[in-house]
Each structure stands twice: as structure tokens, then as C-alpha cells.
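Listed below are the residues making up each chain.
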Amino acid sequence: MGWIGALYTLVLLFILPLQIILRYTGEVNENGMYTEKLKTLFEVAGSLQFLFMFTVPVVLAIFLFRYIQTKSAADYIHSLPISRGVLFWQNVLLGIVSLVLPVIISAIVLFLIKDSVNVDDLYTLKLILRWAIDTIILNIFVFSGAVFAGMFTGMSILQGAFIYILFILPAALIQFFIMNVKFYWYGFATTYYSGKNVQDLVPFIHIIDLLDSGKESYLSLVIYAIVACVLCFIAFIAYRKRSLEIATHAIAFKWLKPIFIYGLTTCSLLLWGMYFGEMKDSFKWLIFGYVFGSLLGYILGHMILAKTWRVFDKWKGYILFVAIAIVIGIGLKVDVFGYSTYLPNQENIQSVYFGKDGYSLTDNSKSHDIEQGDYYKPPYYYSSKNTINFIRVLHKQIIKDHPNISKREIQSGDAREITFAYNLKNGKKVVRQYAVREADYKAFYKRIIETPEYKNHFYYILEPNSKNMRYVKEVQIDAMYKRSEPITIKDSNKIEGLKEAIRKSIQNQTYEDTKSRQQSWSSIDFMDENGQIVDSIPFEKSYKGVEKWLKQEKMFEDARVMPEDVSNVVVLKNKDHETLQPAWINNPSILTKRKGALTIKDSKQIDYFLSHTTIQEQGDYIVVFRYKNATPEVQMFDANMIPKGIKEKLK
């Protein structure tokens, strides 16, 4: 197998040392330093490194144990006066050497070019050692998995397939199950349970995430090394027990055949059930997916084992599978554990999360790179008794109503997802997710949104203890439709003053203000020293406290579009209730030349329209803003937003 090791050495030398020389030699700044430093050597052609890390060990394992998958070779090798144990460990050792030597050679070359071609400030000796250790351990891990898979099959092609299935199967099964359970249990938090934690069960994804971010831990490497040893040991036992006649058979052990068939049938059932259920958003199609998927998986499993399509006499096993599946399905549908109707008692709740989605609940700070401007925003759990009560009452009403929401309503924005996550005093967590039309629960939302605690934490960056605020070095206020440089505030006292003004403005907001379709004046960006946005807050027209503060600081006229920035405003009645069209923006004369269009040049009236600009797609009146230094803007206004005098002129 020396040729695989030699080839792997050439590949590593090409994608690491050579790429470093080609990319970075001569790329220095005025101080003679490289403009960037590598955080990890996996940053250099990382995708290629990962590709070979997950394929070369598999190919090597297949070739090393190829002789046990062909009968004549197996007979010959095992007739030699060498014990099976020696044969097995000799091949494993040869495989490990073939994977380790190329890495060591590449590491030495990396070390040599580090001094000889003046790239000493690009990476360090520590990075080389870390790269070599990571690559060696993970190569051995993948190789051990491939050897393990090979001991349970008599076909080389299945050995290659089984190793990838082995690594993906646990996460896939969990994901398929989660995606199916939501059709049975009302309120099942699919997004929360299928978050990043499930992906971490796939070694390929987990390894790439860790190595790519440079955040791999010694514990992870030790775990992978231990798992590699365990896989090798189990493979050794299987190798000693498998018979020579099993070569060319799909499965090497009789007891494994039913596990293979019913495992494949279950996976196929869940996969096709999920597919049809999601596509058609219907329970009937879910059942169709189950029948189709289970039949397909069962027949396919038998075909692979028998290596023929004549397997239709094996129907008894399928009937047994269907009977068990029906019992499990009925159990889920009946909801014997009361999952769909469970609501924690008020006195047992310590805090509760209330938000649009469940992803932030599984997000963690380790997956964010602050140096790249990717700031972590932790989910906030409300702990005030009043806020918890209002949230719980809304949850109770949703359970009672059980609103039937279609996917189309969510996609169109008529309905939205909502997630409740309770931290209970006994340490347990209860998470539920629903889709609701907020308009149906307006009174419930109003009570929650107008609580002081909700307002205090809606914009978490304004929290006094927000960790991200320590990175904020300046604030920029960028006005819409105003082609001028944004206002920049670097004075820390003024930044604090602005934050306080925003806090007060939010405290004075009503529920109706938050649901207003009015366009904001500008965006207020909190930025770090590198110019990366830590967080952004819109300057809403209802923020009277911010308006007052800006006037005091003599920044108000630069922080919003003023009547002086507008040539004129054209208003016309939307008789046919047309929706907003992109063609109107490109050619507003289509509208302004319409019969009955009224042109307004009075600055007070222009200011009125600027103060009521909206983001709605349809309205009773069409309003065209002609800016002096920006593209015209077409907006929709409702009848109650048009001044009486103008309305009469447009009759």
C-alpha cells in the first residue's frame, strides 16, 4: 500500500507547503509583516484537506483488507502460517504508518519553509504541531471506522458505503424522527431539537467545524482517539470470528442481517414520511410516505442481501414490521404522555424564553467568532412574575385554540412561529413551538410587549450588563434617502447618552407603535474598533426621546431626511388598489403623469408625509417622494393617513 502513502504525501505537499509559498510569498505590508496571520493551517485549502482526510483512510482500509472480500484471496492468505491476529494488526499498523508518515513529512517541510522563504510571521511552530496532531488522530479515526465497517461485510463497495452510513446514521435517524414527531405532537419544537446539537453527532461536520474555526479541544481529540481504539478492537474480534465463505456476501454475520433490513426499512419509512409530509403539509401524504418508504426500504434490503430482485416472497417480515409501526404510530397519535396539552404551573417556572424561533436556544458563543464581527446574542429568559404570567396565559390560549396554520400563511407572513422555553425550578426545561396569527392574539401580545421587562431586553445590547457592549467604540447613524456621510459618535459619554435616550424611547412605546408599518428614520449602528457592526437599532419615528437627544446634540437634521432633501411629493388615489410595483421606482413618471395626481411642494406638508412613510405593499393612496439626492421612492398610504384637505382635492 506504499503507493497510497506516497500519493497522499504528494497531495499534502501540494495543498499545504506549495500553496503557502504560492499565496503568501512577497505579500508583506510596509512593516515587512504579512497582512494576515493564520489561525490554523486548515485555513489553507481547508476543503481539500478535509476531502482527503475523509477519503484517503477509507480507500486505504478497503485495499488493505481487500483480500478478505474475495474468496480465493481469503483462502490463500489464511492458509499461510500466520495467525489472524497477526494478519489483522499487521495491516492496521501498515495503514497507520501510511497515514502518519505523509503528515510528518509535510510538517517537516512546513517547518523548513517557515524559515527559508520568510513566512515566519504567517504561522508558528505550535500551529504546525497542532495541525500534524489533529490530522494524524482524525486520519486514524476515519481509518479505524473503515476497518470496522469492512469486518461486517463481504463486499469492498459496501465497506466504503457502510463507513459513511455509520458516521451519518445516528444523526440522520434522530433528525428523521424529530421531523416526523411534529406531525403527531402539537407544539413539538422541531427547530430546537434539530438544532446544532444533532449536527454535532456527524463526525464529519463536527470535525470540520472544530478544525476550521481553530477551536478544537484536547478532549475532542482524546475522545476520537479512544473511539478509534474501540473500533479497531471490535473489528479485531469480528475479524477472528468471520468465516472465509462470507466473502462476496453483503453482510458478514447472520445476526446482523435482520438489523440491516429493518434498519434500512425504518430509515426509509421516516425519510419518505418526512418528505411527503413536508411537501404536502398533510397527514394523509405522511401515511403515503410511510407505506412507500417502508416498502422501498424492505425490498431494497432484501435485494442487497440476496443480490437479486426476486425477493417478493419475503412478505411475512414486512407484515410484522407494519404491525409494530402501526402500534408505535397510534401511541404517538394518541399522545399517551399528554405532551401536546402540557403547560408548566406558574409556581414551578423559574424563567421563560419567548421568541420567534428556537434556533437561538441551541446557539452558543463557541460557534461565533468575535474577531470576524460575528457577535453572539444569547437568548433572554424573562423572570419577572408578571411577564411570566402573561407569556404563560398566551401559551395556554394557543393550546386551547389549537390554531390550524398552513405553510402558505407562514411563508406569506400572515402567520409566524413562536417558541416558549420554560426553565423550571427543578432544573428541567420545557420547550414548545407553534405557528399562530398574531392578529388573533393581539390582546395577549399587547400585555407581554408592554411589560417593562420585555422592553428592557428587546434590544439586548442596551442592557447595562451586555457583554458585547465592551466592544463598541463608535456609533453611526445612517439616515435613509439622504446621500450624506453617516453621523459618527466616538465620545463614550455621548454613546451612553444616546443609549439612555433609546432605552427611554423603548419604554414609552406602545404595542401599536411596535406594530406600526411606518418606516424608520435611520439605522443606529453600534460598531467595534474594526468597523464591524456589533448590533443595529432602527431609529423609529415613535422614539421621541432619541429625537430630543439628537436635537440637543444638534444632530437631528443629519439623522433623518428633511423636507429640504425632497423636491416634491406626488399623491394620487389608488383606485384599483394596485400593489407596489418595482417598475414604478424605476420610472415614477408612470404614476406622476396619471390623471388626478397632485404635486405637493409645501415644506410642512412634505414633512407630514415624511413623518408617515410606510413599508406596506398596498394602500388607498400612492405617494411618490422625489428626493434631490436619491432615487424616487413610491409608498402606499391608507385613507386615514391622508390630510383632509388633500383628500378632498383628490376626489
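Criteria and thresholds
Every chain is numbered independently, its residues counted from 1 as its sequence is written. Only residues with pLDDT of at least 70 get local features here, since the model is predicted, and only at 80 or more are side-chain atom pairs given and counted; chain-wide, interface and lining totals rely on the full set of residues. Where side-chain values are given, they derive from all heavy atoms of the structure, hydrogens and water being excluded. Secondary structure follows DSSP: runs of H or I at least 4 residues long count as helices, runs of E at least 2 residues long count as strands, and numbering of each begins at the N terminus. Our radius of gyration looks at C-alpha atoms and nothing else; its globule reference is 2.2 Å times the residue count to the power 0.38. By definition, residues are in contact when any of their heavy atoms lie within 4.5 Å. The protein chains shown are the only cover counted for residues, whose accessible areas, like all others here, come from Shrake-Rupley with a 1.4 Å probe. For the purpose of counting charges, residues Lys and Arg are taken to be positive, whereas Asp and Glu are taken to be negative. His and the chain ends are not included. Working definition for charges: the position is that of NZ of Lys, CZ of Arg, CG of Asp or CD of Glu. Residue exposure (1.4 Å probe, protein chains only): buried if accessible area is under 20% of the type maximum, exposed if over 50%, otherwise partly exposed. Pairing of N or O atoms within 3.5 Å defines a polar contact, subject to two protein rules: one partner must be a possible hydrogen donor and the other a possible acceptor, and residues neighboring in sequence count only if both atoms are side-chain atoms. What counts as a ring pair is set by centres within 6.5 Å for rings of Phe, Tyr and Trp (its six-membered ring), and what kind of pair is set by the plane angle: stacked under 30 degrees, edge-to-face over 60, tilted for all other angles. How far a helix is expected to stretch is found by multiplying one less than its residue total by 1.5 Å. Patch members must show over 30% relative accessible area and no salt bridge, and they are joined within 9 Å when carrying like charges or within 5 Å when they are nonpolar side chains of Val, Leu, Ile, Met, Phe, Trp or Tyr. For this analysis, a salt bridge means a side-chain nitrogen from Lys or Arg found within 4 Å of a carboxyl oxygen belonging to Asp or Glu. Pairing between two strands requires that DSSP report at least two bridges joining them. Orientation is described by axes fitted as lines to C-alpha atoms, over the contacting stretch for helices, and by angles from 0 to 180 degrees between their N-to-C directions. Think of a 1 Å grid over just the protein atoms. A cavity is a set of points where a 1.4 Å probe fits yet cannot get out, a pocket is an open set with protein on both sides within 12 Å along at least five of seven lines, and lining residues have an atom within 4 Å of a point. Grid points are joined across faces, edges and corners, and a volume is the space filled by probe spheres set on the points. By nonpolar core we mean a set of buried residues, namely Ala, Val, Leu, Ile, Met, Phe, Trp, Tyr and Cys, connected to one another through side-chain atoms within 4.5 Å. By arc we mean the arc of the directions from the helix axis to the C-beta atoms, nothing more.

Draft legend 1. Seen up close, the overall build of the protein. Scanning the protein for helices and strands turns up 27 helices and 12 strands. Against the globule reference of 26 Å for 651 residues, the protein gives a C-alpha radius of gyration of 32 Å, more extended than a compact globule. Taking the principal axes of its C-alpha atoms as reference, the protein extends roughly 105 × 70 × 55 Å. Long-range contacts, defined as pairs at least 24 residues apart, comprise 73% of the intrachain contacts of the protein with a sequence gap of at least 6. As displayed, the protein has an accessible area near 33600 Å², and 60% of this comes from carbon and sulfur atoms. In the protein, 74 side chains carry a positive charge and 61 a negative one; their mean positions are 8 Å apart.

Draft legend 2. Expanded view of the environment of Tyr 339. In this fold, Tyr 339 is placed in the loop between α14 (315-334) and β1 (349-355). Overall, the relative accessible area of 13% leaves Tyr 339 in the buried class. In this structure the C-alpha to C-alpha distance between Tyr 339 and Lys 554, which are 215 residues apart in sequence, comes to 57 Å. Within polar-contact distance, the side chain of Tyr 339 engages the side chain of Arg 432 at 3.2 Å.

Draft legend 3. Fine view of the packing of aromatic side chains. As enumerated under the stated definition, the model contains 44 aromatic pairs in all. Judged by centre distance (5.6 Å) and plane angle (55 degrees), the rings of Phe 152 and Phe 253 are tilted. Separated by 101 residues along the polypeptide, Phe 152 in the loop between α6 (125-150) and α7 (156-181) and Phe 253 in the loop between α11 (218-241) and α12 (256-280) bring together distant segments of the chain. In this structure, Phe 152 and Phe 253 share a single accessibility class: buried.

Draft legend 4. Representation of unusual backbone geometry in the model. With a phi angle near 60 degrees, Asp 335 is a residue other than glycine that sits in the positive phi range. Summarising the element assignment, Asp 335 is placed in the loop between α14 and β1. A relative accessible area of 13% means that Asp 335 is categorised as buried.

Draft legend 5. Local environment of α11. If you check α11, its first and last C-alpha atoms are 35 Å apart, about what 24 residues at 1.5 Å a residue would give, namely 34 Å. Among all positions in α11, only Ser 220, Leu 221, Tyr 224, Ala 228, Leu 231, Cys 232, Ala 235, Phe 236, Ala 238 and Tyr 239 are buried.

Draft legend 6. Main features of the environment of Phe 167. For Phe 167, the position within the fold is in helix α7. C-alpha separation for the pair Phe 167 and Ser 412, spaced 245 residues apart in sequence, amounts to 38 Å. Beyond its immediate chain neighbours, meaning those up to four positions away, Phe 167 contacts Phe 141, Gly 145, Leu 201, Val 202, Pro 203 and Phe 204.

Draft legend 7. Representation of a nonpolar patch on the surface. Together, Leu 93, Val 97, Leu 101, Ile 104, Ile 105, Ile 108, Phe 111, Leu 112, Leu 125, Leu 129 and Ile 133 make up an exposed nonpolar region whose accessible area comes to about 970 Å². Of all the secondary structure elements, the ones that give two or more residues to the nonpolar patch are α5 (84-116) and α6. Among the elements that line the nonpolar patch, the one with the most residues is α5, at 8 residues. Turning to its location among the elements, Phe 111 is positioned in helix α5.

Draft legend 8. Looking closely at the sheet that holds strand β9 (residues 566-573). Pairing within the open sheet is antiparallel, and its 4 strands lie in the order β10-β9-β11-β12. Of all the strands in the sheet, the pair left with one neighbour each is β10 (598-600) and β12 (633-637). Within the sheet, the average angular offset between the axes of one strand and its neighbour, ignoring direction, is 25 degrees. Its contacts with the sheet place helix α26 (residues 603-611) against β9, β10, β11 (621-627) and β12, and it is angled at close to 70 degrees to β9.

Draft legend 9. Looking closely at the pairing of strand β3 (residues 416-424). Relative to β3, β1 runs antiparallel, the two being bridged by 6 bridges. Note on β3: the bridge partner recorded for Val 352 is Tyr 422. The pairing of β3 with strand β4 (residues 429-436) spans 8 bridges and is antiparallel. Its bridge partner being in β4, Tyr 422 is matched across the sheet by Val 430. Linking β3 back to β4 in an antiparallel pair, the connection comprises 4 residues, with Gly 427 at a positive phi of about 95 degrees.

Draft legend 10. Spotlight on the layout of surface pockets. Here the largest pocket is characterised by a volume of approximately 1800 Å³. Contributing elements (two or more residues each) for the lining of the largest pocket: β1, β3, α18 (442-449), α19 (452-458), α21 (511-514) and β8 (533-539). When residues in the lining of the largest pocket are grouped by element, the largest group, 4 residues, is from α19. Taken as a whole, the second largest pocket holds about 950 Å³ of empty space. Lining the second largest pocket are 28 residues; nearest its centre among them are Lys 182, Phe 183, Tyr 186, Asp 281 and Ile 405.

Draft legend 11. Expanded view of the nonpolar core. Ile 20, Tyr 123, Trp 131 and Met 151 are the most contacted members of the largest nonpolar core, which totals 80 residues. When residues in this core are grouped by element, the largest group, 14 residues, is from α6. Tyr 543, Leu 550, Ile 600 and Leu 650 belong to the second largest nonpolar core, which has 46 residues in total.

Draft legend 12. Broad picture of the pairing of β12. Counted residue by residue, β12 has 5 buried out of 5 residues, so it is predominantly covered. The two faces of β12 match: Glu 633, Gln 635 and Phe 637 on one face and Val 634 and Met 636 on the other face are all buried. In this sheet, β12 lies alongside β11 in antiparallel orientation, the contact comprising 5 bridges. Note that in β12 the partner of Tyr 621 across the bridge is Phe 637. Once β11 ends, the chain turns through 5 residues before running back antiparallel as β12.

Draft legend 13. Representation of the environment of Pro 538 in the model. As for its placement among the helices and strands, Pro 538 is situated in strand β8. You can call Pro 538 partly exposed: its relative accessible area is 25%. In this structure Pro 538 touches Tyr 459, Ser 520, Ser 522, Ser 523 and Tyr 543, once residues within four positions along its chain are discounted.

Draft legend 14. Molecular detail of the side chain of Gln 433. Among the structural elements, Gln 433 can be located in strand β4. Side-chain polar atoms of Gln 433 contact the side chain of Thr 419, separated by 3.3 Å. The contact partners of Gln 433, leaving out residues within four places of it in the chain, are Gly 187, Phe 188, Ala 189, Thr 190, Thr 191, Asp 357, Gly 358, Glu 417, Ile 418 and Thr 419.

Draft legend 15. Up close: the sheet that holds strand β7 (residues 522-527). Taken in spatial order, the 4 strands make up an open sheet running β6-β5-β7-β8, and their pairing is antiparallel. Every other strand in the sheet has two partners, leaving β6 (487-489) and β8 as the edge strands with one partner each. Neighbouring strand axes in the sheet, compared pairwise and without regard to direction, differ in orientation by 20 degrees on average. In this structure, strand β5 (residues 474-479) lies alongside β6, joined through 3 bridges in antiparallel fashion. Within β6, the residue paired with Val 475 across the bridge is Ile 489.

Draft legend 16. How the structure looks around α14. Here α14 is 20 residues long and its end C-alpha atoms lie 29 Å apart, about the 28 Å a rise of 1.5 Å per residue gives. Those residues of α14 that fall on the buried side of the exposure criterion are Gly 317, Tyr 318, Phe 321, Gly 329 and Leu 332. Each buried residue of α14 sits inside an arc of 100 degrees when the element is viewed along its axis, so together they form one side. Along α14, exposed side chains directed more than 90 degrees from the buried face belong to Lys 316, Leu 320, Val 327 and Val 334. Buried residues along α14 sit in contact with α12 and α13 (283-306). Note on α14: the residue one or two positions beyond its end, Asp 335, has a positive phi of about 60 degrees.

So far we have only geometry, and geometry alone does not tell us how the molecule works.
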